[in-house]
Amino acid sequence: MSDASRNVEILKQAYSSWAKTKGASADQWLSICADNICFGSLAQGPAGAQYLTAFQERNALKDYFAGLSRDWEMLDYVTDHYIAQDDRVVVLEHCAWKFKQTGKIVETPKADSWRFKDGKAVEYYEFYDTAQVHAALT
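Here's what I pulled together on the structure shown here. (Residues numbered from 1 in each chain as written. Predicted model: local features only at pLDDT ≥ 70, side-chain atom pairs only at ≥ 80, totals over all residues. Heavy atoms only, no water.)

The subject of this paragraph is the environment of Asp112. Position of Asp112 relative to the elements: it lies in strand β4 (residues 105–117). Separated by 60 residues in sequence, Asp112 and Leu52 have C-alpha atoms that sit 14 Å apart. What Asp112 contacts, discounting residues up to four positions off in sequence, is Tyr15, Tyr77, Val89, Val90, Val91, Glu93, Tyr124, Tyr125, Glu126 and Phe127. Engagement of the side chain of Asp112 in a polar contact is seen with the side chain of Tyr15, the distance being 2.5 Å. (Helix = DSSP H or I, 4+ residues; strand = E, 2+ residues; numbered from the N terminus. Contact = heavy atoms within 4.5 Å. Polar contact = N/O pair within 3.5 Å; in protein donor to acceptor, adjacent residues only side chain to side chain.)

Structure representation (C-alpha cells):
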C-alpha cells in the first residue's frame, strides 16, 4: 500500500467516526496528529469562536475540539471525496452545524487539506463558508 493510500485510510476511519459520533471523537483526531502539527481554520478566530484559529501543537488542539463541542451541535457531516497525491490528502465534504447560543444553522461545503509524514498528520487547514459562521455567532 502506498503512503497516499495509507493516509486516505487513516482519514476515512477518522471522518467516519466523526460523522457517526456527531463530533464526539476528538481523541481519534488527536491520535492521528503529530506533536507539532501546523493547524489552521479559515475563520481565523472570530469573536465568540476564538478556537477557530491556528494551532502549532497537538495538545493545543484540545481547545479547538472543546470549543466545537461546547458551542456547536453537529447536524450532518458527509464526506464526498478523498484526493491524494504523495504526502497530501484533500477531503471534500459538506456539513451542517447549529450554534447553540443563537440556534442559527451553518450549512456549508467544506474542504480539508492534510499533509502527512511517517503516518502522522503534520499539517491541516480547513476551508468553509466563514460568512455563515460569523452570521451564526450573532
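The rest of the description comes next.
Another point: the pattern of salt bridges. Tallied over the full model, the rule gives 10 salt bridges. Residue Asp87 is joined to Arg115 by a salt bridge in which the shortest nitrogen-to-oxygen separation is 3.6 Å. Highlighted residues: Asp87 in the loop between β2 (72–85) and β3 (88–99) and Arg115 in strand β4, separated in sequence by 28 residues. Residue Asp112 pairs with Lys110 through a salt bridge whose shortest N-O separation is 2.6 Å. Within this structure, Asp87, Arg88, Arg115 and Glu123 form a network of salt bridges that share partners. (Salt bridge = Lys/Arg side-chain N within 4 Å of Asp/Glu carboxyl O.)

Read these as spatial facts, not as claims about activity.
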